[in-house]
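Each chain is listed here by its residues.
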Amino acid sequence: MFDQRDDDGIVILLDAEPLADQHAAVREAASVSPAAGLSTVEALRRKGYQGTLTALGTERTKLRSELQLAFLEAEFVLGDPADSLESATRTVRTASGRRLSADAVVVATGVRPRELPGQAGPAGVHVLRTVDDAVALRADLRAGARVVVVGDGVRGAEIAATARTMGADVTLAGPGRAAMAAQLGPRVAGLLADLHTEHGVRLRLGTTVGRLTVHQHAVWSAGSGPVLDNGVVCDATSRAAEGIYAVGDVSRWHHDAMGSLLRLEIRTNATEQAGVAAANILGAQQSYTPISYVRTDQFDARIQVYGVPPADAEVCVVEGDEGDRRFVALHRQGGRVRRRGDAPSRRRGRRRGRGRRGRSVPGRGHRGYGPGRCPGRCAA
Ligand SMILES: Cc1cc2nc3c(=O)[nH]c(=O)nc-3n(C[C@H](O)[C@H](O)[C@H](O)COP(=O)(O)OP(=O)(O)OC[C@H]3O[C@@H](n4cnc5c(N)ncnc54)[C@H](O)[C@@H]3O)c2cc1C
């Protein structure tokens, strides 16, 4: 029903328009794909681990066939989620009271949306995480509907653009000075703001809407153990405490090349971090230093971002023209292009850069623009 693209990890429907009688199965399949957990199990077996493996999940994944799962020779405990973690003994207690002790525990629970006070209950208030969330939201997105999107990150900006394209009257609110400012830096985020405004999205930015609560899935740790702070805090090897690792959306690990903690919510990260964590469980001491990557389509623009721009960086356009909204921009600090992670491979850069729309922001231009002197016009 689904496949995953090799170049960017995006999961696609094999049949873009499944028949009506397949809709329930598609929904179920999309909602039960615990990427990081399953990838960890697979990576451990690939790397030669022959001991006992137990995977706790809410449902069996539909990203693998029964045969593929059988090959893993793991016990899949389904419908009995983890309830608490006793870190000193690495013991997980499940909802039914079962206790599982292990040499290594991997937390791969993903995250859930932040909630606003009083959010539960009223009709017309949505969060977006699961397929059911998406279906419920779509039912309310009709032409002329008034929509307020709370959250100015990638998903918020995407939802605003989609709702506006569907004819809704849209306001985007959030605490940043511009939508996606953390991913794009202020200058390029300003261009994105122009794009939204031109299409009729009202921006109400620089405002915090209510109080937000923590949003990692709660697998609370008893006693001293993992620190929960906007995710499970880990060292560079994805280790949260002795014998305890966290991978995927829930992991906030120390990115050695950036020199700071980072949490990434992208599908490829779930797979790649799981591979490194599996190696470390088996005795390696590998730091996990991916280059973060975001791709998003909003209105008629495709935006691709490699790395995390420093807040005080200057922007240097090395290809194309900002006025045409077809350009490649580098962020530099102290007159030099700052490396914010490992350089992407040429193959990956080329494949990811293939545009499909006329007026998009091309990604191919990053080839060869590694750390060092800025090769282009400085637009700071
Ligand atoms: C609207 C939306 C759009 C997105 N679009 C993209 C995109 O275009 N490209 C991209 O790369 N990424 C995208 N993402 C992000 C991507 O979906 C995540 O990065 C990826 O799913 C993370 O994988 P994960 O395994 O860490 O978490 P999940 O996929 O969330 O899996 C976690 C699993 O753990 C289970 N679980 C939770 N609590 C427990 C418990 N206590 N016990 C046992 N099991 C538990 C959950 O049921 C779930 O099955 C999008 C996300 C959203 C919300």
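Per an unreviewed UniProt entry, the recorded name for the chain is FAD/NAD(P)-binding domain-containing protein, and the organism is Streptomyces roseochromogenus subsp. oscitans DS 12.976. The Cofactor (unreviewed entry) field of the UniProt record for the chain holds the comment "FAD".

Visitor: For this particular structure, what's the right way to read the pairing of strand 22 (residues 326-333)?
Guide: Counting buried residues along strand 22, six of its eight residues qualify, which places the element largely inside the surrounding structure. Looking at chain direction, strand 21 (residues 314-321) and strand 22 are connected through seven bridges and run antiparallel. Residue pairing across strands places V315 opposite H331, the latter belonging to strand 22. In sequence, strand 21 turns back onto strand 22 through a hairpin of four residues, with R325 there showing a positive phi of about 60 degrees.

Visitor: Explanation requested: the packing of helix 2 (residues 35-46) against helix 7 (residues 267-281) in the structure shown.
Guide: When two helices pack together, you describe them by how their axes are tilted relative to each other and by the distance separating the axes. The N-to-C vectors of helix 2 and helix 7 enclose an angle of 40 degrees; their axes lie 8 Å apart at closest approach. Our classification of the angle between helix 2 and helix 7 gives oblique. Here helix 2 runs over helix 7; the crossing is right-handed. Along the contact surface, helix 2 presents A35, A36, S39, T40, A43 and L44, while helix 7 presents R267, A270, T271, A274, G275, A278 and I281. When its residues are assigned to classes, the contact of helix 2 with helix 7 shows eight nonpolar, four polar and one charged.

Visitor: Where do I start with the environment of E86 in this structure?
Guide: Here E86 shows up in strand 5 (residues 82-86). For E86 and R99, which are 13 residues apart along the polypeptide, the C-alpha to C-alpha distance reads 10.0 Å.

Visitor: Even after reading the chapter, I still don't get the side chain of T40, so can you show me in this structure?
Guide: Within the fold, T40 resides in helix 2. According to the relative accessible area criterion, T40 is buried, its value standing at 3%. Sequence-distant contacts of T40, that is, excluding residues within four places in its chain, are made with V106, V247, A274 and A278.

Thresholds, definitions, all that
- Residues numbered from 1 in each chain as written.
- Predicted model: local features only at pLDDT ≥ 70, side-chain atom pairs only at ≥ 80, totals over all residues.
- Heavy atoms only, no water.
- UniProt positions renumbered as here; feature names shortened; annotations may be inferred.
- Buried < 20%, exposed > 50% of the residue type's maximum accessible area, 1.4 Å probe, protein only.
- Helix = DSSP H or I, 4+ residues; strand = E, 2+ residues; numbered from the N terminus.
- Pairing = 2+ DSSP bridges.
- Axes fitted to C-alpha atoms, helices over the stretch in contact; angles between N-to-C directions.
- Parallel < 35°, antiparallel > 145°, perpendicular 65-115°, else oblique.
- Left-handed = near helix turned anticlockwise from the far one by under 90°.
- Contact = heavy atoms within 4.5 Å.
- Nonpolar A, V, L, I, M, F, W, Y, C, P; charged D, E, K, R; others polar.

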